[in-house]
Amino acid sequence: RGLLENWPHADARMIVVTDGERILGLGDLGADGMGIAIGKLALYTACAGIHPTHCIPVMLDVGTNNESLLNDPLYNGIEQKRVRGEQYDELFAEFIAAANDTFPGIVIQLEDFGNTNAFRLLAEYRNQCCLFNDDIQGTGAVTAAGIISAMRLTGGELGKQRLLFLGAGEAGIGTADIFSAALVREGATPDEARRHSWLFDSKGLVVAGRSSLAAHKMPYAHEHAPTDDFITAIDTLKPTAIIGLSGQPGLFTRDVIETMSRCNDRPIVFALSNPTANSECTAEQAYAWSEGRAIFASGSPFDPVDYDNRTFVPGQCNNAYIFPGVGLGVVTSRARHVTDEMFLAAADGLASQVNESDLECGRLFPPLSRIRDVSTQIAADVAAIAYDRGLTEKERPDDIGQDIQNYVFQPVYPHYA
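Calculation criteria
Residues numbered from 1 in each chain as written. Predicted model: local features only at pLDDT ≥ 70, side-chain atom pairs only at ≥ 80, totals over all residues. Heavy atoms only, no water. Helix = DSSP H or I, 4+ residues; strand = E, 2+ residues; numbered from the N terminus. Rg over C-alpha atoms; globule rule 2.2 N^0.38 Å. Buried < 20%, exposed > 50% of the residue type's maximum accessible area, 1.4 Å probe, protein only. Contact = heavy atoms within 4.5 Å. Lys, Arg positive; Asp, Glu negative; His and termini not counted. Charge placed at Lys NZ, Arg CZ, Asp CG, Glu CD. Pairing = 2+ DSSP bridges. Right-handed = clockwise from strand over helix to strand, strands pointing away.

*Asks:* Any chance you could explain the overall build of the protein chain here in plain terms?
*Replies:* Counting secondary structure elements, the protein chain contains 16 helices and 13 strands. Here the C-alpha radius of gyration of the protein chain, 21 Å, is about what a compact globule of 417 residues would show, namely 22 Å. By residue count, 57% of the 417 residues in the protein chain fall in the buried class. Contacts in the protein chain between residues at least 24 apart in sequence constitute 71% of all its contacts with a sequence separation of at least 6. Of the side chains in the protein chain, 32 bear a positive and 54 a negative charge, and the two mean positions are spaced by 4 Å.

*Asks:* So what exactly am I meant to see when it comes to the pairing of strand β10 (residues 295-298) here?
*Replies:* Side-chain direction in a regular strand flips from residue to residue, so the side chains alternate between the two faces of the sheet. Burial along β10 is two-sided: the residues Ile295 and Ala297 and Phe296 and Ser298 are all buried. The pairing of strand β9 (residues 268-271) with β10 spans four bridges and is parallel. By the bridge assignment, valine 269 is partnered in β10 with phenylalanine 296. Considered for its hand, the β-α-β crossover made up of β9, helix α11 (residues 283-289) and β10 is right-handed.

*Asks:* Whenever I open this one, helix α12 (residues 323-333) confuses me. Can you help?
*Replies:* Within an α-helix, residues lying three or four positions from one another point in the same direction, as the helix has 3.6 residues per turn. The element α12 is largely enclosed, with a buried count of eleven among its eleven residues. Among the residues making up α12, those that are buried are Phe323, Pro324, Gly325, Val326, Gly327, Leu328, Gly329, Val330, Val331, Thr332 and Ser333. Among the residues trailing α12, arginine 334 stands out with phi positive, at a value near 60°.

*Asks:* Whenever I open this one, the side chain of threonine 376 confuses me. Can you help?
*Replies:* With respect to the helices, strands and loops of the structure, threonine 376 is situated in helix α15 (residues 371-388). If we ignore the near neighbours within four places in the chain, the residues touching threonine 376 are Leu328, Ile404, Gln405 and Val408.

*Asks:* What exactly am I supposed to notice about the environment of serine 298 here?
*Replies:* Looking at the element boundaries, serine 298 is found in strand β10. Take serine 298: its relative accessible area is 1%, and that puts it in the buried class. What serine 298 contacts, discounting residues up to four positions off in sequence, is Ala271, Leu272, Gly315, Gln316 and Cys317.

Below is the structure:
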């Protein structure tokens, strides 16, 4: 608690915390992962207008398993292997208690924790305080928004979609959970909804009866013949969308795209691994190998692609569309918890802001130049849920949107002659 009390601003509203184990595209950076917490908070200010003095970056230094860092004399973290088990849990519990004691009502975003800790910490603390995991819930919402937008191009229905994930970590499970929630809202049972999402990990298709499955994969382990060949999985499952979250480049080969194109008039191909060098395929490959029929989105930006006298503008499936708006809505409403319903509302809100001109060029997300408007609309949807569900002691304002605008920081400075 003493460390947090050193923060010079008493009205902190948002903490982004990491332990540096799974920094996007870079892996275990230990204490050097502090930059991700700082960067995410910069996006809260830039994309949603949360005042910089309301934002605290936190690094939980529990060591690193990165040998190059341990052998680097300039490494500024604790020079030891990562702490696990009871000692780790005690530190995390101490942090949560200190954060809430020092800054009552603080919103805590978990960022880039490894799978070992991410799912269980979210499950343990989400109902104890105002906490969410961006890698699970934020990624899930933005990817689900992309699928919802894609329906306007395919003419399909959400209840008839089948998603096949290449990668079964935090992002894949988060997306499957949000997509399942959308189907439950349309009338499916939870079991029926989950059967629309299939996982393919490093050992092959995740199926019932496979030994040593991690707990977070079990809800999506369906009855099916096992296979360790991704194209065979496409051939047998006939997915309408493949979603790459593998962290490995080039896994959406020409055979993969062509197989998807045989199964679908408009195959949905999301190559979401970051950075660009790790993308499962490029935008140009997706459009060329599908003869211009693919509906493509990526995790990192790609330039527009000219193909068959058309110009396609690939959409970037970026968490920055979701977490700033969700955070803004929670902060302004003073919600006690961040719920899955809020992330589903964020997905709906994001998809609703894709206009016809975006869709005409194949873009499933609004331009990032509109991010402030996107974030404030998502914030209003999230705040409305907080008021409707009794998740806040704050009196519901007559105009939620105006209440949010009154809070938003505008970086406009007076001119001095």
